[in-house]
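Structural overview for review
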Amino acid sequence: MGESTVKLTIKFGGRSIPLSVSPDATTKELKSLLQPITNVLPRGQKLIFKGKVLVETSTLKQSLVGDGAKIMLMASQGLHQGEGPVLKEASTRPISRTVVDQNKPGLAVDKNRADRWKATGVIALAQANLKEIPEEVWECGSAARVLDVSENFIREVPVRISSFVSIHKLFLQGNGLSDESIQWEGIASLKRLMLLSISHNNLTVLPSEVGSLTSLRQLDVANNKLTSLPNEIGLLTQLEIFKANNNRITSLPESIGDCSFLMEVDLSANMISELPETVTKLRKLKTLELNNTGLTNLPSVLFKMCLQLSTLGLHNTEITVESLRQLEGWGEFDERRRTKHQKQIDFRVVGSGQFDEGADKSW
C-alpha cells in the first residue's frame, strides 16, 4: 500500500471502528472524523496509541501511527452528543411518568366521554395504553381542537387525521413512532395547527411536508434520531418555539433565517459544528440553546443583529467566553443576560414561551 492513506482500527465502547485517513492528518482532524461516528465531541476524546496519548497538533506520521495501527478512544463523561455514543441499535430515551402494561387492553372509550370530546373539542388520551387512535376519536371531526395521545404505543397516525380541520394542538410524543408510522400528507393538511409535538419517538426524517403547517407557533421534534432538517422549515414564518435537542443533526438549512418570529430555539446535544449566517436574521430571538454540540464559533454579528437575545447556552462546546467577548455587540448582550438573571432571582420569573406539554396543562 502507498502512503496516500493508512488503515486504522479505533477501539471504542466494545466496538472496532475501521478508518482510512491520510498519514498527514493531525490528531485533531482524526477526532473530527470520529465525532459523527461516535457522537463524542472532539474535546471529549482522548486517543491512545501504544500507551501514549496522541498530541492534538501532531500528524499520524509524526506520532509513528502506521497502517494497521489500533488506537483506543476514551470519552470524557458529559461530552457525548445526542443520547450518548451511537450504539449498534440506538434507541430513544423513553418518557417515564407511569409504568403501563402493553398487554392490558387499551382504555375503554365510553359514550359520555365521546360526547364530552365533541362538546369541548379537547381529546385527552395521554398515558392511556393505546396501540391505535380509537374509532370514537375520529367521529369528533371538525369539532376537535386538541388531540393528546402522548405516551402511548400508537403504531400509526393515519391520513384520516386530515379530518380534524380545526385542530390547533397535536401531541404525539412518546409513542415510539417510526418514519413509516406517520402519514404526513394527513398532518400537512392541518392548516390551523399551531402546536405539534412529536418528541421522544424514533424519527430519522422530518419531511418537507412540515413546511405546509404555516400556522405553527410551536414545534417539538426533540429526542428523535434526526440527522437533518428540511429546507421547507423556512416556510414556518409564524414559528415562535422550536425544540430539536437530542438528535443527530449535523447542520441547519439556510432557510432557518426565514422563521422571523422565532423566540426560542433549542439545538442542544446535536452534531452541529457551525451555524448558518442566516441565524442572525432572527431578530425576535431571545433564547438559543446550543449545549453539547461541536460548535467552535458563532456568526460574528449574532449579538449585533439579535438584539433581544438574552439566553445563550454553550455548555460543553469549544466556544470560550474570551472568544465571545471579541464579537461585536457582546457588551449589550451581556447586559441583557445579567438583567434577565437578576429578574429571575428577584421575582422568580420563569422564561417566557415555555412549550405546552399536553392537553391537561393547557385547558
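Residues numbered from 1 in each chain as written. Predicted model: local features only at pLDDT ≥ 70, side-chain atom pairs only at ≥ 80, totals over all residues. Heavy atoms only, no water.

If you check an unreviewed UniProt entry, the protein chain appears there as Ubiquitin-like domain-containing protein from Brassica cretica.

**Re the pattern of salt bridges**
Close approach of charged atoms lets side chains of opposite charge pair. Under the criterion given, the structure shown has seven salt bridges. For Glu 56, the salt bridge identified is with Lys 31, shortest N-O distance 2.9 Å. Of this pair, Glu 56 sits in the loop between β4 (52-53) and β5 (70-75) while Lys 31 sits in helix α1 (residues 27-38), placing them 25 residues apart in sequence. Accessibility expressed as a relative area gives 8% for Lys 31, which makes it buried. One salt bridge in this structure joins Asp 258 and Lys 281, with 3.3 Å as the shortest N-O distance. Of this pair, Asp 258 sits in the loop between β11 (241-243) and β12 (264-266) while Lys 281 is found in the loop between β12 and β13 (287-289), placing the two residues 23 residues apart along the sequence. Overlapping salt bridges bring together Asp 334, Arg 337 and Arg 338 as one network. (Salt bridge = Lys/Arg side-chain N within 4 Å of Asp/Glu carboxyl O. Helix = DSSP H or I, 4+ residues; strand = E, 2+ residues; numbered from the N terminus. Buried < 20%, exposed > 50% of the residue type's maximum accessible area, 1.4 Å probe, protein only.)

**Some points on the sheet that holds β13**
One open sheet holds the nine strands; their spatial order is β6-β7-β8-β9-β10-β11-β12-β13-β14, and the pairing between them is parallel. On the outer flanks of this sheet lie β6 (122-124) and β14 (311-313), each paired with one strand and no other. Ignoring which end each strand starts from, the neighbouring axes of this sheet average 5 degrees apart. As paired strands, strand β7 (residues 146-148) and strand β8 (residues 169-171) are joined by three bridges and run parallel to one another. Bridging from a neighbouring strand, Leu 147 pairs with Leu 170 of β8. (Pairing = 2+ DSSP bridges. Axes fitted to C-alpha atoms, helices over the stretch in contact; angles between N-to-C directions.)

**Description of the sheet that holds β5**
Sheet architecture is open: five strands sit in the order β2-β1-β5-β3-β4, paired in mixed fashion. Both outer strands of the open sheet, β2 (15-21) and β4, are each paired with one neighbouring strand and no more.

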